[in-house]
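# Structural characterization, general
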Amino acid sequence: MLIGSLDIFCEIIDNYGDIGVVYRLAKEMKKIHGDEVEIRVILNRLDEFLKINKKAKNIECQEIDNIIYMTEDFLAKNVCTFSPASVIIEAFGCNVLGEYLEKAKEQSSILINLEYLSGEEWIEDVHLMESQMGAPKLKKYFFMPGFTEKTGGVIVDSLFLERKNKVLSNKDIYLEKYLKGLDYKDMLLGTVFSYEKNFSPLIEALKNNGKQNCLLILGEKSQISFLELFKKIDVVKLDDETYNIKNITIKFMPFLEQEEYEELINIVDYNFVRGEDSFIRALLTGKPFVWHIYLQEELAHMDKIEGFIDRFKEVLKKEDINFLEKYTKLLKDYNFRESNSFEVGSENFNDFFKNFEEIKKFSEKYSEFIISKCNLIDKLNRFILKY
């Protein structure tokens, strides 16, 4: 089936992951299909989008790089004259406007429920399963992102890979761009983009890793976490954005749009990331990472952590498994929490830095597997085109 037109619905909840994934998906689909496919993105609100895309304006409907972005309110006011796209993507189970959906049942061909990323085994059975809608023409399918070839994979966009190669080929230029004014050349560099967290275990490990260190702190929640920590430890404030603790320089970064963030995580040595979108970007860099998963009730997020770890181990050689135990234990301990609080967790980062080069090797190996075997863009396109 020729795509013709594509509508992507996105309901932003309380972070940048949802819009980050959708924005990336829309850009990549436009790159692949060009003017042959009209792409529209429908958002419940604009605040987060305005921050990750500096071209965006606070207006109800706008065109950016040949993609139309509109609010749900704008769609509701114009639904009577609005023709649904032939292909609809419902990101993360969001609600599609009822009047739009009724028209789509008569005019559209396929509705894809793009679910949240998961490493749990059961998603292989649900991936591409049809959901009955009672519509003679419109068919709905579950598309389950995951870490195996039998799932929908993750967004491996060529735009990111091109940016990665460009940055690594000109690393000194980009280091100067983001770290100007810092003596960074002999430092171990890391980014921190997290939810609320007590980072005292990380600071203690960095004090003892025998290196000069630099942490680049991104996002309001990460920066608030460090400011809370500074109330309890000795820290020297160098300027409004820069602090020093013994052999650690901590720099608060301004909010970066999506492309800038991708540049930064490719030039540092490791990344602390949160949610889904930045987590996948970290995987694709091939650098050591620590993932802060989105908190769910009754510790349901721990099942997702366990699922990812199981898939992670499946890809690596058997001789790596024993070595991985300490690293995967860190991921579990880092995320084992029932609330977003500043209480000290049980995580210990000493082995992370002690075995840093080994962790880097299997991070690179896993990245190669994801890029070659789990490309959601390719899988999604093939499914739509053969439908």
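In the block above lies the structure referred to throughout.
Residues numbered from 1 in each chain as written. Predicted model: local features only at pLDDT ≥ 70, side-chain atom pairs only at ≥ 80, totals over all residues. Heavy atoms only, no water.

Time to look at the environment of L324. With respect to the helices, strands and loops of the structure, L324 is situated in helix α13 (residues 318–335). The buried category is assigned to L324, whose relative accessible area is 0%. C-alpha separation for the pair L324 and F362, spaced 38 residues apart in sequence, amounts to 9.2 Å. In contact with L324, other than residues within four places in its own chain, are F312, K313, L316 and F362. (Helix = DSSP H or I, 4+ residues; strand = E, 2+ residues; numbered from the N terminus. Buried < 20%, exposed > 50% of the residue type's maximum accessible area, 1.4 Å probe, protein only. Contact = heavy atoms within 4.5 Å.)

Right, let's get into the nonpolar core. If you look at the biggest cluster of nonpolar residues, it comprises 74 residues, and the most contacted ones within it are F147, L215, F226, I250, F279, F308 and F353. Residue contributions to this core peak at six residues, all from helix α15 (residues 356–373). If near-sequence neighbours (up to four positions away) are discounted, F353 is found in contact with L188, L202, A205, L206, N209 and Y270. In terms of nonpolar packing, the next biggest core, distinct from the first, is built from 38 residues, I64, I89, Y141 and I384 among them. (Core = buried A, V, L, I, M, F, W, Y, C linked by side-chain atoms within 4.5 Å.)

Of the residues making up helix α9 (residues 220–230), those classed as buried are S222, Q223, S225, F226, L229 and F230. Buried positions in α9, seen along its axis, are confined to an arc of 155° and lie on one side of it. Tucked into the core, α9 has its buried residues touching β9 (187–193), α8 (200–207), β10 (212–218), β12 (242–245) and β13 (248–252). (Arc of directions from axis to C-beta.)

A few words on the packing of aromatic side chains. Tallied over the full model, the rule gives 41 aromatic pairs. Just above the ring of Y334 sits the side chain of K197; from NZ or CZ to the centre is 4.4 Å. Directly above the ring of F160 sits R281, whose terminal nitrogen or CZ lies 5.0 Å from the centroid. (Phe/Tyr/Trp six-rings, centres within 6.5 Å; stacked < 30°, edge-to-face > 60°. Lys NZ or Arg CZ within 6 Å of the ring centre and 35° of its normal.)

Strand-to-strand pairing in sheets goes through backbone hydrogen bonds, with the strands running parallel or antiparallel. As summarised here, the arrangement of the seven strands in space is β11-β12-β13-β10-β9-β14-β15, forming an open sheet in which the pairing is mixed. In the strand order of this sheet, the two ends are held by β11 (236–237) and β15 (289–292), each with one partner. As paired elements, β12 and β13 share four bridges and run antiparallel to each other. Looking across to β13, one finds that Y243 is bridged to I250. (Pairing = 2+ DSSP bridges.)

With that out of the way, let us pick up a nonpolar patch on the surface. The grouping of I13, Y116 and Y294 at the surface amounts to a nonpolar patch, some 270 Å² of accessible area in total. Note that I13 resides in the loop between β1 (5–10) and α1 (17–33). (Patch = residues over 30% accessible without salt bridge, like charges linked within 9 Å, V, L, I, M, F, W, Y side chains within 5 Å. Areas by Shrake-Rupley, 256 points an atom, 1.4 Å probe, with all protein chains shown as cover. Salt bridge = Lys/Arg side-chain N within 4 Å of Asp/Glu carboxyl O.)

Residues E121, E124, D125 and D310 make up a contiguous surface patch of negative charge. When you line up the elements, D310 lands in helix α12 (residues 300–315). (Lys, Arg positive; Asp, Glu negative; His and termini not counted. Charge placed at Lys NZ, Arg CZ, Asp CG, Glu CD.)

Once that is clear, we can look at the pairing of β12. Across two bridges, the pairing between β11 and β12 is antiparallel. From the neighbouring strand, V236 faces β12, where its bridge partner is N244. Counted between consecutive antiparallel strands, the loop separating β11 from β12 contains four residues. Hairpin connection between β12 and β13: a loop of two residues separates the two successive antiparallel strands, and K246 in this loop has a positive phi of roughly 50°.

Okay, the sheet that holds β1 next. Read from one edge of the open sheet, eight strands run β3-β4-β2-β1-β5-β6-β8-β7, paired in mixed fashion. Looking at strand neighbours, the two that pair on one side only are β3 (61–64) and β7 (130–131), the edges of this open sheet. As judged from the five bridges shared by strand β6 (residues 110–114) and strand β8 (residues 139–143), these two strands associate in the parallel manner. Note that in β8 the partner of I110 across the bridge is K139. Against the sheet, helix α16 (residues 376–386) makes contact with β5 (87–91), β6 and β8, and its axis sits at roughly 155° relative to β6, the strand it touches most. (Axes fitted to C-alpha atoms, helices over the stretch in contact; angles between N-to-C directions.)

Take unusual backbone geometry next. In this structure, D65 takes a positive phi of about 50° despite not being glycine. Checked against the element boundaries, D65 lands in the loop between β3 and β4 (67–71). Relative accessible area serves as the criterion here: at 46%, D65 is assigned to the partly exposed category. With a phi close to 70°, L128 is a non-glycine residue in the positive phi region. Relative to the helices and strands, L128 is located in the loop between α5 (123–126) and β7.

Below, the discussion takes up the packing of α1 against helix α6 (residues 158–169). At a closest axis distance of 9 Å, the pairing of α1 and α6 adopts a crossing angle of 95°. Here α1 lies roughly perpendicular to α6, going by the angle between them. For the pair α1 and α6, the contacting residues are K27, E28 and K31 in the first and S158, L159 and E162 in the second. Broken down by class, the residue content of the contact of α1 with α6 amounts to one nonpolar, one polar and four charged. (Parallel < 35°, antiparallel > 145°, perpendicular 65-115°, else oblique. Nonpolar A, V, L, I, M, F, W, Y, C, P; charged D, E, K, R; others polar.)

Everything listed here is a matter of coordinates, which is why it stays silent on function.
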